[in-house]
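# Coordinates in review
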Amino acid sequence: MKILLKNAKIYGAGQADILVEDGLITGIGSYDTADEVHDLSAYAAVLPGFFDAHMHIVTGDIEFNDRALRAWAQAGVTSVRDMGIGTDKPTHPTQDFLAYRETIENPECAHCYTCGRFVAQYHGLNHVMSDGAETGYGCKTPQDGADAVNELIDMGCDGIKTSIGRGMNGKQVPIEEEKLRAIAEAAKARGVWCSAHVLDAEFVKTLLDAGIPEFAHMPTDRVSDEDLQRMVDQGVTCTPTLCSIQAPPPPMPAGAKMPKMGGPGGPGGPGGPGGPDGGMPPMMANKQEQEDICVDNVARFHKLGGMVAVGTDTMRMESQPHVARMPVDELKLLYKAGLSIDEVIAAGTINAAKLCKVDGELGSIEVGKKANIIAVKNPVDESFEALSHVEFVMNRGKVIREL
């Protein structure tokens, strides 16, 4: 079936008609008829579907469900990337989530890319929680890291997530460079993305020396100009999750077992940077100060030419369903860090698609790409408020929202 989107004011490209067939964009130009026609002339801007390139699909003792993925799609976020399942691995096998994901692979839901589990230091950050629950793969040797990468990819995971830090109350041993290098090389050999959780500037050099290509978060203490330049020179990309620094922790569902995170400087934990086993670095308790420093790190990284993508580090929990929405708070903070409006839009679309290694099929409105298309009735400005009210959503070639 051919679907025609008439009079689309494509953001950054002018007005045209968009022809869609079998879920793909097959033409951009001027067309008269199709099996289904939608007139978009009343919309101020037509854009690609957005990404949230850093979220956590499930944490705590709760069941998987598709409610959040439906809410994201309705909000115009047609793709999300899970950056580490936070449930106990023996109790909730990764394969169960991957099988569940296949059951909700439909246009009403945002597509969920996933790393499955962290590949981490044995008994270190993101291997075990404070209650002893094993949530990730613990590596005693570099070969353990490579083996874990291959096991996850063989299962059907889309990429790899590792982490470096001292974890719970600053007492865990950070992962060594040799293990990080083995993880990065194994991921590269499998052709998948590889990201590392990092919150402390002291670990930036280790990640760079190990060849990690993506930083999840940006350190909340000052990164030196030299290290930022190295990041740019090595082609490192960053999903800074600025909005997570001051995000309140989610209310906990009955029976959930979440870690007691953070050092003496801050409570950390879910809702703050770092995901299910995150926690704030111990250098300061003032979240506004942390945010200001992190924004400055991003600003200097961006000015040097570094690529930034949108991610929020939200915890998808039954007790906090409202997190499944357009990440406007993150867009505003990226603008504060010096990105232009167009650059912020790119961070939430094509840059995020590049991180997920799907820019050949998503992230922009082009012939041959999947028809993930949204529209808003107000112009997009530096408030990004227009994106809080997405009135039209086409996901994988199907119109799922039209007001």
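Everything that follows concerns the structure shown earlier in this document.
Residues numbered from 1 in each chain as written. Predicted model: local features only at pLDDT ≥ 70, side-chain atom pairs only at ≥ 80, totals over all residues. Heavy atoms only, no water.

## Remarks on the overall build of the protein chain
Summing up its helical and strand segments, the protein chain has ten helices and 19 strands in all. Counting every position in the protein chain, which comprises 403 residues, the buried fraction comes to 61%. Residue pairs at least 24 apart in sequence account for 70% of intrachain contacts in the protein chain once pairs closer than 6 positions are excluded. (Helix = DSSP H or I, 4+ residues; strand = E, 2+ residues; numbered from the N terminus. Buried < 20%, exposed > 50% of the residue type's maximum accessible area, 1.4 Å probe, protein only. Contact = heavy atoms within 4.5 Å.)

## Some details on helix 1 (residues 67-75)
Burial in helix 1 covers these residues: Ala68, Leu69, Trp72, Ala73 and Ala75. On an axial view of helix 1, the arc spanned by its buried residues comes to 165°, and they lie on one face. Two residues or fewer after helix 1 comes Gly76, characterised by a positive phi angle close to 100°. (Arc of directions from axis to C-beta.)

## As for the side chain of Asn297
Examined against the element boundaries, Asn297 turns out to sit in helix 7 (residues 287-303). Residue Asn297 is classed as buried on the basis of its relative accessible area, which comes to 0%. Separated by 3.0 Å, the side chain of Asn297 and the backbone oxygen of Asp221 make a polar contact. A polar contact of 3.1 Å, which involves the side chain of Asn297, links it to the backbone nitrogen of Val223. Those residues in contact with Asn297 that sit more than four places away from it in its chain are Met218, Pro219, Asp221, Arg222, Val223 and Leu228. (Polar contact = N/O pair within 3.5 Å; in protein donor to acceptor, adjacent residues only side chain to side chain.)

## Some details on the sheet that holds strand 13 (residues 214-216)
Pairing is parallel across the open sheet formed by five strands, whose spatial order is 11-12-13-14-15. With partners counted over all chains shown, the strands left at the sheet margins are strand 11 (159-163) and strand 15 (307-308), one partner each. In the sheet, strand 11 pairs with strand 12 (residues 193-197) via five bridges, with the strands oriented parallel. Along strand 12, the bridge assignment pairs Thr162 with Ala196. (Pairing = 2+ DSSP bridges.)

## Considering the packing of helix 7 against helix 8 (residues 328-336)
Between helix 7 and helix 8, the shortest axis-to-axis distance is 9 Å and the interhelical angle comes to 65°. Side by side, helix 7 and helix 8 meet where Gln288, Glu291, Asp292, Val295 and Val298 of the first sit next to Leu333, Leu334 and Lys336 of the second. Of the residues belonging to the contact of helix 7 with helix 8, the class tally is four nonpolar, one polar and three charged. (Axes fitted to C-alpha atoms, helices over the stretch in contact; angles between N-to-C directions. Nonpolar A, V, L, I, M, F, W, Y, C, P; charged D, E, K, R; others polar.)

## Regarding the nonpolar core
The biggest cluster of nonpolar side chains holds 86 residues, and the ones touching the most others in it are Leu69, Ile160 and Leu387. In this structure, Leu69 is in contact with Ile57, Val80, Tyr100, Ile104, Glu108, Cys109, Ala110 and Cys112, ignoring residues within four places of it in sequence. (Core = buried A, V, L, I, M, F, W, Y, C linked by side-chain atoms within 4.5 Å.)

## Regarding helix 2 (residues 94-103)
Along helix 2, the residues classified as buried are Thr94, Phe97, Leu98, Tyr100 and Arg101. The buried residues of helix 2 all sit within an arc of 160° when viewed along its axis, so they share a single face. Away from its buried face by more than 90 degrees, helix 2 exposes Glu102 and Thr103. Residues of helix 2 that are buried in the fold lie against helix 1, strand 8 (111-114) and helix 3 (142-155).

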